[in-house]
Amino acid sequence: LLLLSGALNAQDGNYTKDFIDATQIQDPAKRVAAFESYVTKYPDTTNQFTRNAFYWIAASYAEIPNYEKAVAAGKKALQFKDQYEASQLCRLYYLMAEAHGIKSSPVFNKDEALKFFNLSIEEAKKIDDQQVLKSAMEKKEKLTTPPPPSETPEQKLKRVVYGEGDYAEGISVYNALGAAQKEDL
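Residues numbered from 1 in each chain as written. Predicted model: local features only at pLDDT ≥ 70, side-chain atom pairs only at ≥ 80, totals over all residues. Heavy atoms only, no water.

Quick look at the overall build of the protein
Okay, so step 1: For the protein, the count of helices and strands is 11 helices and 0 strands.
Okay, so step 2: The principal-axis extent of the C-alpha atoms belonging to the protein is close to 95 × 35 × 25 Å.
Okay, so step 3: Across the 185 residues in the protein, those meeting the buried criterion constitute 35%.
Okay, so step 4: If you take every contact in the protein between residues at least 6 apart in sequence, the share linking residues at least 24 apart comes to 47%.
Okay, so step 5: On the protein, roughly 11,600 Å² of surface is accessible, and the fraction owed to carbon and sulfur atoms is 53%.
Okay, so step 6: Charged side chains in the protein number 23 positive and 26 negative. The centres of these two groups are separated by 2 Å. (Helix = DSSP H or I, 4+ residues; strand = E, 2+ residues; numbered from the N terminus. Buried < 20%, exposed > 50% of the residue type's maximum accessible area, 1.4 Å probe, protein only. Contact = heavy atoms within 4.5 Å. Areas by Shrake-Rupley, 256 points an atom, 1.4 Å probe, with all protein chains shown as cover. Lys, Arg positive; Asp, Glu negative; His and termini not counted. Charge placed at Lys NZ, Arg CZ, Asp CG, Glu CD.)

And the structure:
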């Protein structure tokens, strides 16, 4: 019995090494698999590495990108938000905002994205994380700025050639016009 107890303690002692090993995996899909295996092997969420593993799963899914799974893992990670360091909580909020803010994503939700961008901005200000602060503010602005009004072909041609000085693009725009549109110019 004493020998068995020692073997179990040695296995439990690997939780730090297993966590560090998983963080070193470059491929995000393999990293997800490693961290999912980790939380199965070490399910005790009083262990900081298990809590952090949920964050890593969310971040890795976002990197793949699989935003549905990133959001699901992020929700699990948010259960431990009071136990994360401020910088990690800031990045978790930002990750959730980005996942909800991708218009082509099946989990696109402007309100959720704005909520999480606001939370990440608030946390970034507290810890003076200028990188997250700047990026979150820019992406929030893109979500809240209305799209530009539609341009007529003539307006687009003028903008491209005169405003931007991109003559190659101007030629491309002109060539894409129909004969009637070219006559109207």
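Considerations on the nonpolar core
Okay, so step 1: Ranked by internal contacts, the top residues of the largest apolar core, which has 41 residues, are Y38, F54, I57, Y84, L92, M96 and F117.
Okay, so step 2: Of all the secondary-structure elements, those providing two or more residues to this core are α2 (15-23), α3 (28-41), α4 (48-63), α5 (67-78), α6 (86-101), α7 (110-127) and α8 (130-144).
Okay, so step 3: Looking at which element gives the most residues to this core, the answer is α6, with 9 residues.
Okay, so step 4: Setting aside chain neighbours within four positions, we find L92 in contact with Y55, G74, A77, L78 and Y84. (Core = buried A, V, L, I, M, F, W, Y, C linked by side-chain atoms within 4.5 Å.)

Things to note about unusual backbone geometry
Okay, so step 1: Residue P65 is bonded to the preceding I64 through a cis peptide linkage, with omega at -10 degrees.
Okay, so step 2: As for its placement among the helices and strands, P65 is situated in the loop between α4 and α5.
Okay, so step 3: The phi dihedral of D128 is positive, around 55 degrees, even though this residue is not glycine.
Okay, so step 4: Counting through the fold element by element, D128 comes out in the loop between α7 and α8.

Some remarks on the packing of aromatic side chains
Okay, so step 1: Enumeration over the complete set of coordinates arrives at 10 aromatic pairs.
Okay, so step 2: An angle of 65 degrees between the planes, with centres 6.4 Å apart, marks the rings of Y15 and Y42 as edge-to-face. With a gap of 27 residues between them, Y15 in helix α2 and Y42 in the loop between α3 and α4 connect regions that are remote in the sequence.
Okay, so step 3: Since its relative accessible area comes to 31%, Y15 is described here as partly exposed.
Okay, so step 4: Judged by relative accessible area, which is 8%, Y42 ranks as buried.
Okay, so step 5: Judged by centre distance (4.9 Å) and plane angle (45 degrees), the ring pair of F19 and F49 falls under tilted. Placement of F19 in helix α2 and of F49 in helix α4 is noted, with a sequence separation of 30 residues between them. This pair shows no difference in class: F19 is buried, exactly as F49 is.
Okay, so step 6: Ring pairs connect the aromatic residues Y15, F19, F35, Y38, Y42, F49 and W56, which therefore count as one cluster. (Phe/Tyr/Trp six-rings, centres within 6.5 Å; stacked < 30°, edge-to-face > 60°.)

Digging into the side chain of Q88
Okay, so step 1: Looking at the element boundaries, Q88 is found in helix α6.
Okay, so step 2: Judged by relative accessible area, which is 10%, Q88 ranks as buried.
Okay, so step 3: Residues contacting Q88, with those up to four places away along its chain left out, are N52 and Y55.

Remarks on the layout of surface pockets
Okay, so step 1: Its boundaries defined by the atoms lining it, the largest pocket holds a volume of some 220 Å³.
Okay, so step 2: Looking at the largest pocket, the residues that line it are Y55, A59, A62, E63, R91, Y94, L95, E98, D129, Q131, V132 and S135.
Okay, so step 3: Broken down by secondary-structure element, the contributors of at least two residues to the lining of the largest pocket are α4, α6 and α8.
Okay, so step 4: For the lining of the largest pocket, a count of residues per class yields 6 nonpolar, 2 polar and 4 charged. (1 Å grid on protein atoms, 1.4 Å probe; cavity = no way out; pocket = protein on both sides within 12 Å on 5 of 7 lines; lining within 4 Å. Points joined across faces, edges and corners; volume = space filled by probe spheres on them. Nonpolar A, V, L, I, M, F, W, Y, C, P; charged D, E, K, R; others polar.)

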